[in-house]
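# Structural overview for review
Take a look at the letters that make up each chain.
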Amino acid sequence: MAESSIEYTLPGVLHYLQAEWRKFEREKNEWSIEKAEYKARIALLEGERRGIENIRQTLLKRVKMLEYALRQERKRATTPTLEADGSSVVDTPHDSSTISKKAVEIDHHHVDTAIKEKSREALKSCLQEINYLTSMPTKLPLTNLLSSRSSLTDNRTRRTPPVSNNMSPVLNDTGNNSRPQRQKTINSKSPNTDRPQKNDSHLYPKKDSLYKEAMDDVEVPANVDEVAMINNMKESMNGPDMVIDQGKVLKQMKNKDQEDDLDSDRMDMDDMNENQSKLWKPRITIKGHLDSVRSACFHPEEMIVASGSDDATVKLWNLQKTTGKDGNPIKKGSLEEADPCITYRGHTDIITSVAICAHQKRVYSSSLDSTIKVWTLPSEDRSPYAAFDPSLNIATYVGHTDAIWDFKLSSKSKDDALCLLGSASADGTVKLWDTKVLNNLLKSTITFNGMSLQDIRSNRVVPTSLDFNHVNQNQLIISYSNAQIQLYDMEAEKVVMTLKGSDDSYDNTQETQINYIITHPNESMVISGHEDKFIKLFDLKSGEIIQSLSGHLDGVTSLDIDSSGTTLVSGGHDSSIRLWDMSSRTCLQEFSAHRRKGDEGVLSVKFHPSYPWMVSGGADGIVKIYHHGH
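Residues numbered from 1 in each chain as written. Predicted model: local features only at pLDDT ≥ 70, side-chain atom pairs only at ≥ 80, totals over all residues. Heavy atoms only, no water.

## Observations regarding the pairing of strand β2 (residues 293–298)
- With respect to burial, β2 is a largely interior element, five of its six residues being buried.
- As paired elements, β2 and strand β3 (residues 304–309) share five bridges and run antiparallel to each other. Along β3, the bridge assignment pairs Phe298 with Val305.
- Following β2, the chain reverses through five residues before pairing antiparallel with β3. (Buried < 20%, exposed > 50% of the residue type's maximum accessible area, 1.4 Å probe, protein only. Helix = DSSP H or I, 4+ residues; strand = E, 2+ residues; numbered from the N terminus. Pairing = 2+ DSSP bridges.)

Following this line, the structure appears as structure tokens:
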């Protein structure tokens, strides 16, 4: 009993399309939310990193200040003033109500030894604290620093780390202002003297002269918190009412540092802007095809793009209104809803490759229907809504019996006597066509090592891509599905060289075949893109491999070199486009260009021969135009 055929109704189809559209919009919103979450996470992590770096700089600054303070204390403690008879006498401030008037004589040798021993212990403790602060900066929590900031601001002198009870009294006296004051006749310090009362004003020198004298004696080292140091000196002189404007001090002492920082920031910004101006950035997005775009190319002399799609159409897009005839960008635009200037219909299957010949004013296209069609370029005054004109199809090259994967034109100018078109087909042959004649178009047929078609079918060795040697137009380079690359001499009609190293990673499967090859415009070099993610460079003179590049996460589908021969572009199924420097063989830029559809991503990339523009086509059915230096 025959199965009943499925009946489609208009409401059912509309319901299905609406359901799919809602699903797509929901997924799109989820992607946007996830992207925003990742951006917020990145911003948080960057903020934490900057905070930790600020903590580290602050700790280093404090360590240097502690080192300087320790050196000053040791210098003061170890240089007593000698009397005329050679003995060290220490006079202490006295008050009739609290301090006895007896003079205290201290043995010089005993005091010096005790101070040295205690200073040594204090130095060891400070070194341990310094090692801890500088070796583990990331383990100090940010909250502790913020919570103690107010206390550090109010007590600028309490910056020394906690020490043991055996530390020198000189350091212990820093916090409680119990250090004895300097007098005009006595310069030595007594560790056991008491603090005088505030009403003994005759014991203190004049504040202005003492401050000036202290500032003249002290040399400020680099990278030390000068404001905190000055406040420490004032408190050691028991002058709590002396206040220094930190803003004025910092303004006078750090003007030069700020100017140097501004100059370095300007230089960094200039370098950053210069590097960013050299990047390729998307400028125009075209959504005019109904399916994947497998090939896209520029007009050699004008801002016109041709694209071939799985919807079996070839479309021409005139970008001169957006970019100008000279190729310079006029305004940022989007042609998502724009109509092409013309649509060529005639193929019955997927379009695999397109090319524009300027001096012939023709467009060539190949398809899985095993034919190559030749179209004439429309005039500039032709309306995009004009009726279909069958005369636009000049010729159809019929000769292959299976899908045509790739074709290339040999002629670049109208002065060439011969303009050949080479095509690689799944029927195992490479055919050369003469595009300047109307009869006898087919000139020759090439097979792998001269095999017969029956042997080709049994061995399953078919060409995948080809290109003419730009240095020697009589040579044709062909890549095959077994990852071999052969150099064919069209005059001698034979293979003159098989490149070495192209099939090193081949494992007799399609996962390691060659997808695309191109030749260098100025050098004897061929570049191949492989399904196993590699890009290989070969020397056509020696036949040896020069270098193998890796960077794509999936198969490489398309390659192209700019007219100067300095930059290589590659597209892959990982949806990314990579720019390579041909001199250093390094990746200059990488960005995601198209969304994946099934197992396919970027399907075609091409430079403009005359202007700083690039075009790409992808499995998402979108054509993107990129500008260099925008």
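## A word on the confidence of the model for the chain
- Per-chain confidence: the chain averages 76 in pLDDT, with 67% of residues scoring 70 or above.
- Here residues 81–106 is modelled with pLDDT under 50, and outside its nearest four sequence neighbours on either side it reaches 27 contacts, counting other chains as well.
- Every residue in residues 136–228 is under pLDDT 50, and counting partners more than four places away or in other chains gives 124 contacts. (pLDDT = per-residue confidence, 0-100. Contact = heavy atoms within 4.5 Å.)

## Let's talk about the environment of Glu493
- Here Glu493 is to be found in the loop between β16 (485–489) and β17 (494–498).
- Here Glu493 falls in the exposed class, since its relative accessible area comes to 54%.
- Separated by 49 residues in the primary sequence, Glu493 and Ser444 have C-alpha atoms spaced 8.8 Å apart.

## So, the side chain of His573
- Assignment of secondary structure puts His573 in the loop between β23 (567–572) and β24 (576–581).
- Contact partners of His573, with chain neighbours within four places excluded, come to Glu531, Asp554, Gly555, Thr557, Arg596, Asp599, Glu600, Gly601, Val602 and Leu603.

## A few points about the pattern of salt bridges
- Within this structure, the stated rule accounts for eight salt bridges.
- A salt bridge links Arg56 to Glu53, with the nearest nitrogen and oxygen atoms 3.6 Å apart. Here Glu53 and Arg56 lie together in helix α1 (residues 10–77), a separation of three residues that amounts to about one turn.
- A relative accessible area of 36% places Glu53 in the partly exposed class.
- Between Asp310 and Arg294 there is a salt bridge, with the nearest N and O atoms lying 2.7 Å from each other. Residue Asp310 is located in the loop between β3 and β4 (313–318), and its partner Arg294 is located in strand β2; the two are separated by 16 residues in the primary sequence.
- Judged by its relative accessible area of 23%, Arg294 falls in the partly exposed class.
- Here the salt bridges do not stand alone but share partners, grouping Arg294, Asp310 and Glu600 into one network. (Salt bridge = Lys/Arg side-chain N within 4 Å of Asp/Glu carboxyl O.)

## Digging into a nonpolar patch on the surface
- A grouping of Ile6, Tyr8, Leu10, Val13, Leu14, Tyr16 and Leu17 is seen on the molecular surface, where their side chains present a nonpolar patch of about 810 Å² in accessible area.
- Mapped onto the elements of the fold, Leu14 is located in helix α1. (Patch = residues over 30% accessible without salt bridge, like charges linked within 9 Å, V, L, I, M, F, W, Y side chains within 5 Å. Areas by Shrake-Rupley, 256 points an atom, 1.4 Å probe, with all protein chains shown as cover.)

## With respect to the sheet that holds strand β15 (residues 475–480)
- Judged by pairing direction, the sheet is antiparallel, and its four strands sit side by side in the order β14-β15-β16-β17 without closing on themselves. At either end of the open sheet lies a strand with only one pairing partner, and these are β14 (463–468) and β17. Within the sheet, the average angular offset between the axes of one strand and its neighbour, ignoring direction, is 30°.
- The sheet contact formed by β16 and β17 spans four bridges and is antiparallel. Looking at the pairing, Leu487 lines up with Met497 of β17. (Axes fitted to C-alpha atoms, helices over the stretch in contact; angles between N-to-C directions.)

## A closer look at the side chain of Gln589
- Inspection of the secondary structure assignment puts Gln589 in strand β25 (residues 586–592).
- According to the relative accessible area criterion, Gln589 is buried, its value standing at 13%.
- At 2.7 Å, the side chain of Gln589 and the backbone oxygen of Trp280 are in polar contact.
- The contacts of Gln589, once residues within four sequence positions are left out, are Leu279, Trp280, Ile577, Arg578 and Leu579. (Polar contact = N/O pair within 3.5 Å; in protein donor to acceptor, adjacent residues only side chain to side chain.)

## Describing the pairing of β23
- Counting buried positions over the six residues of β23 gives six, a clear majority of the element.
- Burial of the side chains of β23 extends over both faces: Thr567, Val569 and Gly571 are buried on one face and Leu568, Ser570 and Gly572 on the other.
- Here strand β22 (residues 556–561) pairs with β23 via five bridges, running antiparallel. The partner of Ser558 across the bridge, within β23, is Gly571.
- As consecutive antiparallel partners, β22 and β23 are separated by five residues, and within that stretch Gly565 has a phi angle of approximately 80°, a positive value.
- Relative to β24, β23 runs antiparallel, the two sharing five bridges. Bridged to Gly571 within β24 is Ile577.

## Regarding the packing of aromatic side chains
- One pass over the full model with this rule turns up six aromatic pairs.
- An angle of 35° between the planes, with centres 5.7 Å apart, marks the rings of Trp21 and Phe24 as tilted. Of this pair, Trp21 and Phe24 both sit in helix α1, three residues apart, which is roughly one turn of that helix.
- For Trp21, a relative accessible area of 54% gives the class exposed. (Phe/Tyr/Trp six-rings, centres within 6.5 Å; stacked < 30°, edge-to-face > 60°.)

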